[in-house]
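Analysis of the macromolecular model
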Amino acid sequence: MKLPRPYSIQSKFFLSLTLTSLVIGGVLFAGFSMHMSKVLENVVREKARMVFGQVDSVQNYVRGVLRPQMYKELPDKFVIQAMSSSFVTRNIMDREQQASPSFVYRRVAHGARNPDYEAKGIELELISHFRKNPGQTFWEGYKNIDGERHFVMARPAVFKESCLRCHGRVEDAPVELVQLYGNRGFGHAADSIGGVDFVGLPVTASVARIQDTIMTYIAVFALAVLLYLGATNILFKRLVANNLRILTTTFRRNFSDEQGVALFRQLEQGDEIGEMVSGIEKLSDYMFDARQQLQDYAANLEKMVEERTGELEQEAQARQSDVELFVQLLAGSSRSQSRGELWRATLPLIHSRFELERSAYVCTFSSRNFYSFPESAEKPPLPENWVELLTESIPLVQPDRAYIPVESSTGSAEGLLCLFRREGDCFSDEDKTVLRAIGRQLGIAADSISALNSIVRHNANLQSIFEGISDPLLLADGKGNPIVANESARRLGAELSGGAITDGGVLGLLCYGSEKSEPCGIAKSLLRNEPLSREVSLPEGRSFAINIYPVQDADSTRERRVVVYVHETTAQKKILAQMTQAEKMATVGKLSAGLAHEINNPLGVILCYAELLRKSVSGQNGEDVEIILKHTRQAQAVLKDLLNFARPKVASATGSDLGKIIRDVADVFRIQADKKGAEIRLELNPKVPDLHVDPQALEHIVANLLLNGIDAVPEQNGKILVSLTDDGTGHAELKFMDNGPGIAPEDRQFIFDPFYTTKEVNKGSGLGLAVVFGFMSDLGGSIEVDNGFGNLNGAVFTLKFPCT
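Just so you know, these numbers come straight off a predicted model, no measurement behind them. (Residues numbered from 1 in each chain as written. Predicted model: local features only at pLDDT ≥ 70, side-chain atom pairs only at ≥ 80, totals over all residues. Heavy atoms only, no water.)

Focus: the overall build of the protein
Here is the rule we go by: Secondary structure elements are defined from DSSP: runs of H or I of at least 4 residues count as helices, runs of E of at least 2 residues count as strands, and each element is numbered from the N terminus. Buried, partly exposed and exposed residues are distinguished by accessible area as a fraction of the type maximum, computed with a 1.4 Å probe on protein chains only: under 20%, between the cut-offs, and over 50%, respectively. Contacts are assigned to residue pairs that have any heavy atoms within 4.5 Å of one another. Each accessible area is a Shrake-Rupley estimate made with a 1.4 Å probe; only the visible protein chains count as cover when residues are assessed.
Secondary structure assignment for the protein yields 20 helices and 19 strands. By residue count, 35% of the 804 residues in the protein fall in the buried class. In the protein, 59% of the contacts between residues at least 6 apart in sequence involve partners at least 24 apart. Put simply, the protein shows about 47600 Å² of open surface, and 56% of that area lies on carbon and sulfur atoms.

Considerations on the pairing of strand S17 (residues 731-738)
Short version of the rule: When DSSP finds two or more bridges between two strands, those strands count as paired.
Burial runs high along S17: 6 of the 8 residues are buried. Relative to S17, strand S16 (residues 718-726) runs antiparallel, the two being bridged by 7 bridges. Within S17, the residue paired with Thr 725 across the bridge is Glu 733. In this structure, the hairpin formed by S16 and S17 is closed by a connection of 4 residues, where Gly 728 is found at a positive phi of approximately 85°. Examined bridge by bridge, S17 and strand S19 (residues 792-802) share 7 bridges and lie antiparallel to one another. Paired with Met 737 across the two strands is Val 796, which belongs to S19.

A closer look at the confidence of the model for the protein
Inclusion rule: Per-residue confidence from the predictor is given as pLDDT, running between 0 and 100.
For the protein, the mean per-residue pLDDT works out to 78, and 84% of the residues sit at or above 70. By mean pLDDT, helix H8 (residues 258-267) is the weakest element of the protein at 58, and S17 is the strongest at 91.

Digging into the packing of aromatic side chains
Selection criterion: Between the rings of Phe, Tyr and Trp (Trp by its six-membered ring), a pair exists once the centres lie within 6.5 Å; its type follows the angle of the planes, with under 30 degrees stacked, over 60 edge-to-face, and the other angles tilted. Counted as over-ring charges are cases with an Arg CZ or a Lys NZ within 6 Å of the ring centre that also lie within 35 degrees of the ring normal.
With the rule as written, the count across this model stands at 5 aromatic pairs. The cationic tip of Arg 353 hangs over the ring face of Phe 354; the distance from NZ or CZ to the ring centre is 4.6 Å. Lying across the ring of Phe 427, Arg 421 places its NZ or CZ 4.8 Å from the centre.

Describing the environment of Gly 677
Tracing the chain through its elements places Gly 677 in the loop between helix H18 (658-676) and strand S15 (678-684). When the C-alpha atoms of Gly 677 and Ile 710 are compared, they prove to be 9.7 Å apart, with 33 residues separating the residues in sequence. For Gly 677, the contacting residues outside a window of four places in its chain are Gln 716, Asn 717 and Gly 718.

A look at the side chain of Arg 45
Here is the rule: The definition of a polar contact used here is a pair of N or O atoms within 3.5 Å, where within protein one atom must be able to donate a hydrogen and the other to accept one, and adjacent residues in sequence count solely through side-chain atom pairs.
Among the secondary structure elements, Arg 45 is positioned in helix H1 (residues 9-73). Residue class for Arg 45 comes out buried when judged on its relative accessible area of 12%. At 2.9 Å, the side chain of Arg 45 and the side chain of Asn 42 are in polar contact. Contacts of Arg 45, omitting those with residues within four sequence positions, involve Glu 140, Phe 151 and Met 153.

Some words on the nonpolar core
Threshold: Throughout this description, the term nonpolar core refers to a set of buried Ala, Val, Leu, Ile, Met, Phe, Trp, Tyr and Cys residues connected via side-chain atoms within 4.5 Å.
The biggest cluster of nonpolar side chains holds 43 residues, and the ones touching the most others in it are Leu 706, Phe 736, Phe 797, Leu 799 and Phe 801. Where this core is concerned, the elements lending two or more residues are H18, S15, helix H19 (695-712), S16, S17, helix H20 (768-779), strand S18 (782-789) and S19. Not counting the four nearest positions on each side in its chain, Leu 799 is found in contact with Ile 701, Leu 705, Ala 732, Glu 733, Leu 734, Phe 736, Val 772, Met 776, Ser 782 and Ile 783. Counting residues in hydrophobic clusters, the runner-up holds 23 residues, among them Leu 342, Ile 404, Leu 419 and Ala 445.

Comments concerning the sheet that holds S18
To summarise the sheet geometry, strands pair through backbone hydrogen bonds and adopt either a parallel or an antiparallel arrangement. Rule in force here: Helix axes are fitted only over the stretch in contact, all axes being lines through C-alpha atoms; the angle between N-to-C directions runs from 0 to 180 degrees.
The mixed open sheet is built from 5 strands, whose spatial order is S15-S16-S17-S19-S18. The strands lining the two open edges of the sheet, one partner per strand, are S15 and S18. For this sheet, the mean inter-axis angle between neighbouring strands, taken without regard to orientation, is 15°. Each of S15, S16, S17 and S19 is contacted by H18, which is oriented at about 165° to S15, the strand it contacts most. Against the sheet, H20 engages S18 and S19, with an angle of about 30° to S19.

Side note on the environment of Leu 799
Here Leu 799 lies in strand S19. In this structure Leu 799 comes out as buried when scored by relative accessible area, which is 0%. A C-alpha to C-alpha distance of 5.7 Å links Leu 799 and Ser 782, two positions 17 residues apart in sequence.

Remarks on the packing of H18 against H19
To keep things clear, this is the line we draw: Oblique is the label for any angle not under 35 degrees, not over 145, and not in the 65 to 115 range, which are roughly parallel, roughly antiparallel and roughly perpendicular in turn. Handedness of each helix crossing follows the sense of rotation of the near helix against the far helix: counterclockwise by less than a right angle gives left-handed, clockwise gives right-handed. The nonpolar class holds Ala, Val, Leu, Ile, Met, Phe, Trp, Tyr, Cys and Pro. Asp, Glu, Lys and Arg form the charged class, and all remaining residues, Gly among them, are polar.
It is the contact of H18 with H19, at a shortest axis distance of 9 Å, that shows an interaxial angle of 30°. On the basis of their axis angle, the class for H18 and H19 is roughly parallel. In the crossing of H18 with H19, the sense of the turn from one axis to the other is right-handed. Residues Leu 658, Ile 661, Ile 662, Val 665, Ala 666, Phe 669, Gln 672, Ala 673 and Lys 676 of H18 touch H19, and the partners they reach there are Pro 695, Leu 698, Glu 699, Val 702, Ala 703, Leu 706, Leu 707, Ile 710, Asp 711 and Ala 712. Partitioning the contact of H18 with H19 into residue classes produces 15 nonpolar, 1 polar and 3 charged.

Describing the pattern of salt bridges
Applied cut-off: Basic side-chain nitrogens of Lys or Arg form a salt bridge, by our definition, when they fall within 4 Å of a carboxyl oxygen of Asp or Glu.
Going through the model one piece at a time under the given rule, you end up with 17 salt bridges. Of the charged contacts, one joins Arg 542 and Glu 568 as a salt bridge, the two residues approaching to 2.8 Å between their closest N and O atoms. Of the two residues, Arg 542 is situated in the loop between strand S12 (532-537) and strand S13 (543-551) and Glu 568 in strand S14 (residues 561-568); the sequence distance between them amounts to 26 residues. According to the relative accessible area criterion, Glu 568 is partly exposed, its value standing at 32%. Salt bridges here are not isolated pairs; linked through shared partners, they connect Asp 56, Arg 107, Arg 155 and Asp 197.

Observations regarding helix H3 (residues 85-99)
Stated precisely, the cut-off is as follows: Multiply 1.5 Å by the residue count of a helix minus one, and that product is the helix's expected span.
Counted at 1.5 Å a residue, the expected span for H3 with its 15 residues is 21 Å, and the 21 Å between its end C-alpha atoms agrees. All buried positions along H3 are accounted for by Ser 85, Ser 86, Val 88, Thr 89, Arg 90, Met 93 and Gln 97.

Quick notes on the sheet that holds strand S2 (residues 139-145)
A sheet is described by the order of its strands in space; here 4 strands give the open sequence S1-S4-S3-S2, paired in antiparallel fashion. Edge positions in the open sheet fall to strand S1 (104-109) and S2, since each of these has one partner strand only. Here the strands of the sheet are splayed against their neighbours by 30° on average, with no regard to which way each runs. Two elements, strand S3 (residues 148-158) and strand S4 (residues 193-202), share 9 bridges in a ladder whose sense is antiparallel. Within S4, the residue paired with Arg 155 across the bridge is Asp 197. Each of S1, S2, S3 and S4 is contacted by helix H4 (residues 122-132), which is oriented at about 125° to S4, the strand it contacts most.

Okay, here's the thing in structure tokens:
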């Protein structure tokens, strides 16, 4: 590592920081040492006070509690172990010192009774000190005890009046004390200082720990100072010293002559700031000289600049004109819808930019058309090598004329742009490049117009096909919302929504009404990426087949689309159901004809013999014969219905008044209706024409439906309405409505099947509606069943008879 010069600014800065850090560290160390010593002294002082507090507690207990109690219990005895406060205190504190030798406690006296507690050394000094200063109650300081430094706290032992019995005259003292200690420790006066209470706490170990802490702090502080000095030195070097060195190096490089080298050697004896100041002064002198030279040069240069500026202005104006031309060409091509419009819009612009005598475009493709400005019927002349110019994409620029291939890419030219200058003018080298770019831009514009026209034609064709599809067809997003829909889809949406939806959004109308949570399975089709078909039925009876085709979109991975084709299958299903019903009726008719023929003959024999038996028997046997006759006739009635069902119906050549037939049959059944409390009401349009239908067939149809209505309505409140109208489509419409329970949805598909009945047992053969259905099929009419609403909310049978 390269060390800085001793007189550099970096060295001076580093030395200043080091001295400052040492001064700050010394002050901090001194303050920290004094603080730690003060803390240690406060700690040992409090501990010494705690020891004295313990001693006072023991002595107060002996003097105030234990000794008076002992005098009370043993008035003539003195037990030193319980009545001497000094004896008890010394024994307790000796035990404490043995258990925890962290302090020294001594209660000593001058001329002590017990030689072990005779004051000596430091203790004598303290007793002498307190006697000299009788008003002082405590003394504290540091003393060496047995070669170890201790914090010492002492207080004088003063004899009170209560102490003189044991420490006053010998004659007054307890006998036990005299016998134990002799005449030692007597003769003290009240309020005299006879000894000291002494507590010493060793501080050598604590001082050592404080010194270790201080040394650790010194080491950490020194390390932090080194890191701080190192980081500051690096930052100062990067931010200040290096930049100053760069400046001085620049000055040295700019002044490389002998005088400059001698000057810098002299400057190197100081720091970088001095170098920079001197260098700036030298630079100002040098710049003054250079300014004089530049002024002289500028006087000669001004004329040259004026000439060159004029040339550049002309060139800039030409380039600006070229830019404006390209912008105008782009605008003109964007407004053009055909190639003719393109050339009529762009040729005047090119003509004006280059101040031409004539400009033209010749289409050398199949049409050989040309466009000229100013307009002229004369075709512009082409060079002999025009074929080569087109195939090789070579522009031909001569002084007075130019032939530029019009192409969108090399080798795809379809014509030549022919430009003719006015007499005396010529094309420059820069014009050749501009003309080549113009030819390329016009070629691109022509191709774009062709592509756009092709797209428009294809789009128109596709739109015509799309709108011409008779079934609803739409393009929808993944949620079923329509993006594009044809007229059939929009018309169906308006029909199903009552005119509220006109954008072709039929999926929500067809599928959201079901129990599906998503529209018609679009999500499933997109997930599987395969077509999906399903059928839906609306509550009003219409049914639709929905086909969903996912659209592959390589440009979008998140927004998927589907093509939806909807086909209404209501009429197909209706025709299919009629065909199925007709097949059933034909099959059952053949079976019924055979059964009726085979069974009717035996029933006739049984009926004949039963009639003969009835005349010759009586009593119980007669009643049995009546039962036979009843059931035989019932069987014959069923066979009659079967024959009517199976017998071919032939239209009548004469007209039948359907209104009169309805009134006659209604009059017949009114008696049965009155017995049940039901009302039969007729609403017959007299303008309905006569029908070419067998009257017996019409009577059978009306009778079956009226009988079914009487059986279905409730007791005493039944209502039956029969209406006859002309529906305006060449059909007579006959409706039977009642207020019975109606037809359950699960029974509607079987209601016209032979032998299917919802009545109780023995109340219907199940052939009535089957026969009616057969009659209507033979007549070319139709019969439909539904449930009504309002007062007549029962079954509604609608029959349509062809009027021709």
